[in-house]
Amino acid sequence: MATAGLYRRSLPSPPAIDFSSAEGKKIFSEALQKGTMEGFFRLISYFQTQSEPAYCGLASLSVVLNALSIDPGRKWKGPWRWFDESMLDCCEPLEVVKAKGISFGKVVCLAHCTGAKVEAFRTNQTTIADFRNFVIKCSSSENCHLISSYDRGVFKQTGSGHFSPIGGYNAERDMALILDVARFKYPPHWVPLKLLWEAMDSIDQSTGKRRGFMLISRPHREPGLLYTLCCKDESWINIARYLKEDVPRLVSSQHVDSVEKIISVVFKSLPSNFNTFIRWVAEIRITEDAKENLSAEEKSRLNLKQVVLKEVHETELFKHISKFLSSVGYEDSMTFAAAKACCQGAEILSGCSSIEFCCREVKCVNGAVEVEGTVVTGVVVRDGSEQNVDLLVPSTQTECEYGPEATYPAGNDLFTVLLLALPPQTWSGIKDQALINEMKQLISMAFLPTMLQEEKPFGEETITKPKLRLRV
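What you see is a predicted model; the values in this text were computed from it and never measured.

Conventions used here
Residues numbered from 1 in each chain as written. Predicted model: local features only at pLDDT ≥ 70, side-chain atom pairs only at ≥ 80, totals over all residues. Heavy atoms only, no water. Helix = DSSP H or I, 4+ residues; strand = E, 2+ residues; numbered from the N terminus. Areas by Shrake-Rupley, 256 points an atom, 1.4 Å probe, with all protein chains shown as cover. Core = buried A, V, L, I, M, F, W, Y, C linked by side-chain atoms within 4.5 Å. Buried < 20%, exposed > 50% of the residue type's maximum accessible area, 1.4 Å probe, protein only. Contact = heavy atoms within 4.5 Å. Disulfide = S-S within 2.5 Å. pLDDT = per-residue confidence, 0-100. Axes fitted to C-alpha atoms, helices over the stretch in contact; angles between N-to-C directions. Parallel < 35°, antiparallel > 145°, perpendicular 65-115°, else oblique. Left-handed = near helix turned anticlockwise from the far one by under 90°. Nonpolar A, V, L, I, M, F, W, Y, C, P; charged D, E, K, R; others polar.

### Let's talk about the overall build of the protein chain
Helix and strand content of the protein chain: 16 helices and 18 strands. Accessible area of the protein chain: about 21800 Å², with a carbon and sulfur share of 50%.

Written out as structure tokens, the structure is:
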């Protein structure tokens, strides 16, 4: 009687060579002697099989992030912080990935969201010579790893688009090792690098764009995130369109004769649901798990955020924004922001974003920790059960009580970060050249404090592609 389903596939060889075959072992040994298998050992130590047929991108990224020892900053299961496919949902809902897979751009987005340093290239943005050099670079080091997005059909394999990490390189044979995360289908295998390039140099029919590869490495320090953009909701497209298209049109069509007027035009026309896309980043922990004193790691992260926030406040742009907000009677409040972050924290800690959480009580106490900052203690209510949650946030507020009249997100710093994230060409339509120069100087990298220069995102992709983090 026939058994339903499929049990693996025979690896078409040629062109691929099974890693565990006699020839595959020989290729490995040759590469090992030449020093181009250094990255392999880290990757193989954290290698995993994709848990869903369409999770190749998520599995590849999980393997690489864990191999690089990047701390996700939130729990996976029990007390353990660890990257798992189920946690990689900041750019595309998991149910969508499960049903349709994920595009190259969205995997790049996910890598950025995790705090990794990412260099991404589609094949029409680079050359095979550059690709070979990048493969050699990552294969010769433990500090960076390469993920390839390619078409399986070029290797005579079943299926089409696929993601997998590159585990090594044999220079004499010009062959790359694909650590196939679909181990239920094909084992790791060697392929000619030229053929791998051909497989990447193909069109993804779902996006109409070429595939490519990305280099992922640890940042030289942890990013000092204060805010992120949540881009999973489809209505984010309208927000992106406003920032990319409407803002340049507004500042060019209206009479703007000062920086304050530009700020007024931008923020008075913001879409009504804009606030729902801003996420306030805080250090989150369950109160019952917390010790009286902060850990060295928590102190470090909170101190870093505090420094970044201080540098935001020191910018000339922040002073202009503060002046504008004061002129329109804006009163800053972190109360609802604290409640919102409290519920976000509950979502993260529970691992479920589909459940409604209610923050029954939020209290903020300044100076309650050993560093300059605020501890937000909240009681999260879900289905009648309560959970105490602590959030560690950089703040100058002394006390706060949750109130329904408060607005979220709040703060001159948030508005400053938003303008810093807009690409320089946003202001090119302003008719007053002196004002253009003044605006560009306010957002120029050269005039920002040192840490902000490292945190500031670059270019149009910052806003228009849902990789987005308002990083700062």
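Past the structure itself, the notes keep going.
### Some thoughts on the nonpolar core
Soluble globular proteins tend to pack their nonpolar side chains together in the buried interior. In terms of nonpolar packing, the biggest core is built from 43 residues, with Leu58, Leu61, Phe163, Trp190, Met214 and Ile216 touching the most fellow members. Looking at this core, the elements that each hand over two or more residues are helix 1 (22-34), helix 2 (38-45), helix 3 (56-67), helix 4 (94-100), helix 5 (104-113), strand 7 (175-178) and strand 11 (212-217). Broken down by element, this core gets its largest block of residues, eight residues, from helix 3. Residue contacts for Phe163: discarding those within four places in its chain leaves Cys56, Gly57, Ser60, Ile102, Ser103, Phe104, Val107, Ile147, Ser148, Ser149, Val181 and Met214.

### What about the state of the cysteines?
This structure, assessed with the given rule, holds two disulfides. Sulfur-sulfur distance for the disulfide between Cys91 and Cys109 comes to 1.7 Å. Residues Cys91 and Cys109 share a disulfide whose torsion about the S-S bond is about -80°; that sign makes it left-handed. Taken together, the residues Cys91 in the loop between strand 3 (80-81) and helix 4 and Cys109 in helix 5 connect sequence positions 18 residues apart. Across the disulfide, Cys138 is cross-linked to Cys144 (sulfur-sulfur distance 2.4 Å). For the disulfide bridge between Cys138 and Cys144, the dihedral angle about the S-S bond is near -120°, and by the sign convention the bridge is left-handed. Residue Cys138 shares its accessibility class with Cys144, and that shared class is buried.

### Regarding unusual backbone geometry
It is generally the case that most residues other than glycine have a negative phi and that most peptide bonds are trans. Across the junction of Ser13 and Pro14, the peptide omega takes the value 0°, indicating a cis bond. With respect to the helices and strands, the residue Pro14 is situated in the segment before strand 1 (17-18). Cis rather than trans, the peptide bond between Pro14 and Pro15 has omega equal to 15°. Structurally, the position occupied by Pro15 is in the segment before strand 1. A positive phi angle is found at Ser69, which is not glycine, with a value near 60°. Relative to the assigned elements, Ser69 resides in the loop between helix 3 and strand 2 (75-77).

### Quick look at helix 5
In terms of burial, helix 5 is a largely internal element, seven of the ten residues being buried. Gly115 occupies a position one or two residues after helix 5 and carries a positive phi of about 95°.

### Considering the confidence of the model for the protein chain
Residues of the protein chain with pLDDT of at least 70 account for 67%, and the chain-wide mean is 76. For the protein chain, helix 16 (residues 461-464) is the element with the lowest average pLDDT, namely 38, and strand 8 (residues 189-192) is the one with the highest, namely 98. In this model, residues 348-374 is a region of pLDDT below 50 whose contacts with residues beyond four sequence positions or in other chains number 91 contacts. Segment residues 394-410 is flagged for pLDDT under 50; beyond a separation of four residues in sequence, or across chains, it makes 55 contacts in the model.

### Some details on the packing of helix 6 (residues 128-139) against helix 7 (residues 193-200)
Contact pair helix 6 / helix 7: the axes reach a minimum separation of 11 Å and the direction vectors enclose 115°. The angle between helix 6 and helix 7 falls in the class roughly perpendicular. Taken as a pair, helix 6 and helix 7 cross one another with a handedness that is right-handed. Across the interface between the two elements, Ile128, Phe131, Arg132 and Val135 of helix 6 pack against Leu193, Lys194, Leu196, Trp197 and Met200 of helix 7. Looking at the contact of helix 6 with helix 7 residue by residue, the class counts come to seven nonpolar, no polar and two charged.

### Focus on the environment of Phe184
Structurally, Phe184 can be placed in the loop between strand 7 and strand 8. For the pair Phe184 and Leu6, spaced 178 residues apart in sequence, the C-alpha separation works out to 9.2 Å. When residues no more than four places from it in sequence are discounted, the contact partners of Phe184 are Arg8, Thr49, Gln50 and Pro53.

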